[in-house]
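The primary structure of each chain is shown beneath.
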Amino acid sequence: MGHAHVYAHEIMHRGRVPMEPADFVPDWADRPRKAKFHPDAETLPLPVTPPPTPPPQPVPGFTLPLLSGMLRDSYGLTGRRLAVQANTDLAALPHYTHANWSRGTASGGGLYPVAVHWAAGPGGPLTPGLYHYAPHQHGLRRLLAGDVTGDVREALGPGAGTAGRAAQYLVLGVKYWQNAFKYNSFSFHAVSMDVGALVQTWRLWAAQYGLRIDPVLWFDEERLARLLGVAPEEEGVFAVVPLTWEGGPTPGEGRATGAAARHRDVERSRRVLEFETLRRVHRATEGRAADRPEPGALDAAAAHPPRGAQPLALPRPPAPPTATTRALRERRSSFGRFDASRPVAAEQLAAALADCAATRYGTEAERPGGPSLTSLYAFVNHVEGIAPGAYAYDPAAHTLRPVTAGPPGPFLQRNYFLSNYNLEQAGAVLVPTVRTTAVLDRVGDRGYRLVGGTVGAVAQTFYTTAAAFGLGAGVALGFDNISYIEELGLTGTDEAPLLIMLLGHERPRPADFRHEIA
C-alpha cells in the first residue's frame, strides 16, 4: 500500500482528526501571486475577437482563435464582480488589490494554481517553442524558442497512442505554493480537483466544435518539469493534453532536444513554507510513462450499482436554454444567497444529475465507453414533486432511489464546517463519490490525481449546467466526510464522498456589481 492510501485516509477523516499542521494560520500579507510571473519574457497577445460560431459539422482542428477562446473562457479573466454574500473574504473584495475577477472554471478557494503551457510545434500559428498562458494579460509568454514537442513525446513514452504523435500540446502544471499557502497539507487534494475542473471546461468548450480533449496523466514527470524549468518538489506536472491542429503537418517529426525553459517564474512571497505531507504525496504520485495502466484497468474500480428503495422516475432533462460559452461566463458561487422560498424544478435537478453522471475525465486509463468511476447522491430539500430526503441516482434508469426519508437540512448544516452557506436553503445538495482505494489498487498512487481530477470535472459540469439553467450553485469541501458515509449507508463500502454541490435559486434583487472585460 502506497502513501496515497494514507493520504486518502487522512483526507476522509480530517473532519474528526485534523491534518498536520493543525495550528497553521495563513500569512495573507505574504501570499503568492495568483499566476506565475516571468518579468523578462516577451508576452504575445492572443486574439480577443469572439471565436467563430460553432458550425453544424465538426471543425478539422484547433486554430489560434479557437485556442484563444478556449483559454479565455476557462482560465482567462472575464469580468469583475462584487456582491453582498456570505463568504469570509467579502470585506476585502471592494479593494482593487483583492478584486474578485470572474473566470469560467471553478477553483478551490478561488486560487487558480494551474499553470497552462503550450508546447507549440511546426504547423501552428506561432514560432515553435514553449509558451506560458498569462491569464491576467490573456497572452502567451515565450519561455523558450525552438520545437520542444519531441521532448514532450519522449516524456509520454512509446505507449501513449495517438497522443504521442501530436505536434501541439498543452502541459498543465500546479505550483503548489499558490494553494498551499492557504490550505497546507490539504492543498494536494484541492489542486487535483482544480486540474480536473479546468480540463472539463476545455472538454465542454471544445465539444461545441466537435473537438476532443483527452488528457494524458502518465508520463515522465521529472522530464517535463525540467522542460518547464521548475523544481519538481515545487511544481507538479499533472496532465498533458494533445491538440489536433487545423492543417498541421505530419506530426511527431521533431526529436527531443533536452532543452529547458530560459525564463523562470519569480516568487512574490518572501517566505515559502514546505509541508511534509504535501511533499510525500507529491513524490508518491509522480508519474512514469512505463507505469501507464492498460485501457480498462479501472473497470474493477467502477461505481457500484445504485442502492436504495423503490425508484422514483425523474422527468426527461430539458435542453439547456443557454449555450456553453455563455454558461461559463455566467458561472459563479452563490455563497449563502440561496432562497428556499423558490423550489427547484424537478426537470432542473434531473438535468444536473444527468450531466454530472455523464461526465468523464477521459484519461488514457479509462476505456472509451467504459463504466463510470462516480456515483451520485442527492439530498433533496426543496424540489417540486420530490419529497425531502436522501436519494441515490440511477443514471441508466434516470431515477432516484430513496436512501433516507425526511428533511435533510439539519444533518447538512450540522456537518458543514464553514459559515458561507446555509445548506438547508439550497434546493438540493448533490454528492459524488468515488471508490478511491479501489482506483489506487488498480493503477497505483498516481491514481489519486485521477480521483481528484474526476471529481473536479464533475464539479465543473455541475457549475456549468446550473448556470445554463439560471440556478445558483456552490461546491464545498468543508464537511465531515465520515458522517456522509454513515448517513448514506456507505459504511463497509469503499465509496468516498469527496465534495458537496449545492443547487438552488438565489434571492431576488441581489445587490450586485458586474463589469465585463471580455
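Above this note sits the structure.
Residues numbered from 1 in each chain as written. Predicted model: local features only at pLDDT ≥ 70, side-chain atom pairs only at ≥ 80, totals over all residues. Heavy atoms only, no water.

Brief notes about the pattern of salt bridges
And then number 1: Tallied over the entire structure, the rule returns 29 salt bridges.
And then number 2: With its nearest N and O atoms 2.6 Å apart, the salt bridge here joins Arg283 to Glu286.
And then number 3: For Arg283, a relative accessible area of 35% corresponds to the partly exposed category.
And then number 4: Taking the relative accessible area as the measure of exposure, Glu286 reaches 12% and is therefore buried.
And then number 5: For Arg367, the salt bridge is made with Asp299, and the minimal N-O distance between the two is 2.8 Å. With Arg367 in the loop between helix H9 (346-357) and strand S10 (374-380) and Asp299 in the loop between helix H7 (276-285) and strand S9 (312-313), this residue pair connects regions lying 68 residues apart in the sequence.
And then number 6: Look at Asp299 and you get partly exposed, because its relative accessible area is 31%.
And then number 7: One salt-bridge network, in which partners are shared between bridges, spans Glu222, Glu233, Arg283, Glu286 and Arg288. (Salt bridge = Lys/Arg side-chain N within 4 Å of Asp/Glu carboxyl O. Buried < 20%, exposed > 50% of the residue type's maximum accessible area, 1.4 Å probe, protein only. Helix = DSSP H or I, 4+ residues; strand = E, 2+ residues; numbered from the N terminus.)

What to know about the packing of aromatic side chains
Two aromatic rings, taken as a pair, are described by how far apart their centres are and by the angle between their planes.
And then number 1: Tallied over the full model, the rule gives 21 aromatic pairs.
And then number 2: Note on Tyr7 and Phe188: the rings are 6.1 Å apart at their centroids and 90 degrees apart in plane angle, and the pair reads as edge-to-face. Highlighted residues: Tyr7 in helix H1 (residues 3-13) and Phe188 in helix H5 (residues 187-207), separated in sequence by 181 residues.
And then number 3: For Tyr7, a relative accessible area of 0% gives the class buried.
And then number 4: When the ring of Phe24 is compared with that of Phe275, the centres are 5.4 Å apart and the planes differ by 85 degrees; the resulting orientation is edge-to-face. With Phe24 in the loop between H1 and strand S1 (43-45) and Phe275 in the loop between strand S8 (235-242) and H7, the pair connects residues that are 251 residues apart, well separated along the chain. Taken as a pair, Phe24 and Phe275 share a single burial class, namely buried.
And then number 5: Residue placement shows Arg331 over the ring face of Tyr463; its charged tip is 4.9 Å from the ring centre.
And then number 6: Across the ring face of Phe238, the terminal group of Arg449 is positioned such that the distance to the ring centre comes to 4.1 Å. (Phe/Tyr/Trp six-rings, centres within 6.5 Å; stacked < 30°, edge-to-face > 60°. Lys NZ or Arg CZ within 6 Å of the ring centre and 35° of its normal.)

Re the environment of Asp299
And then number 1: C-alpha separation for the pair Asp299 and Trp177, spaced 122 residues apart in sequence, amounts to 35 Å.
And then number 2: In this structure Asp299 touches Arg367 and Pro371, once residues within four positions along its chain are discounted. (Contact = heavy atoms within 4.5 Å.)

What to know about the sheet that holds strand S17 (residues 512-516)
And then number 1: In space, the three strands of this open sheet follow the order S3-S2-S17, with antiparallel pairing throughout. Two strands in the sheet have a free side with no partner beyond their single neighbour: strand S3 (101-102) and S17.
And then number 2: In this structure, strand S2 (residues 79-83) lies alongside S3, joined through two bridges in antiparallel fashion. By the bridge assignment for S3, Gly79 is matched with Ser102. (Pairing = 2+ DSSP bridges.)

With respect to the nonpolar core
And then number 1: Residues Phe62, Trp118, Trp202, Leu349, Ile500 and Met501 are the most contacted members of the largest nonpolar core, which totals 134 residues.
And then number 2: Looking at this core element by element, the count peaks at eleven residues for helix H12 (residues 447-468).
And then number 3: If sequence neighbours within four positions are ignored, Phe62 has contacts with Leu67, Met70, Ala206, Leu211, Ile213, Leu243, Thr244, Trp245 and Glu246.
And then number 4: Ranked by size, the runner-up nonpolar core spans 23 residues in total, among them Ala166, Phe219, Ala225 and Leu228. (Core = buried A, V, L, I, M, F, W, Y, C linked by side-chain atoms within 4.5 Å.)

Considerations on the sheet that holds S1
And then number 1: Pairing is antiparallel across the open sheet formed by six strands, whose spatial order is S1-S6-S5-S4-S7-S8. Either end of the sheet is taken by a strand with one partner, and the two such strands are S1 and S8. Strand-to-strand twist of the sheet, defined as the mean angle between neighbouring strand axes without regard to direction, takes the value 30 degrees.
And then number 2: Across four bridges, the pairing between strand S4 (residues 114-120) and strand S5 (residues 129-134) is antiparallel. By the bridge assignment for S5, Ala119 is matched with Leu130.
And then number 3: Contacting S4, strand S7 (168-175) and S8, H5 runs over the sheet at an angle of about 155 degrees to S7.
And then number 4: Along the sheet, helix H6 (residues 221-228) contacts S4, S5, S7 and S8; its crossing angle with S8, the most-contacted strand, is approximately 95 degrees. (Axes fitted to C-alpha atoms, helices over the stretch in contact; angles between N-to-C directions.)

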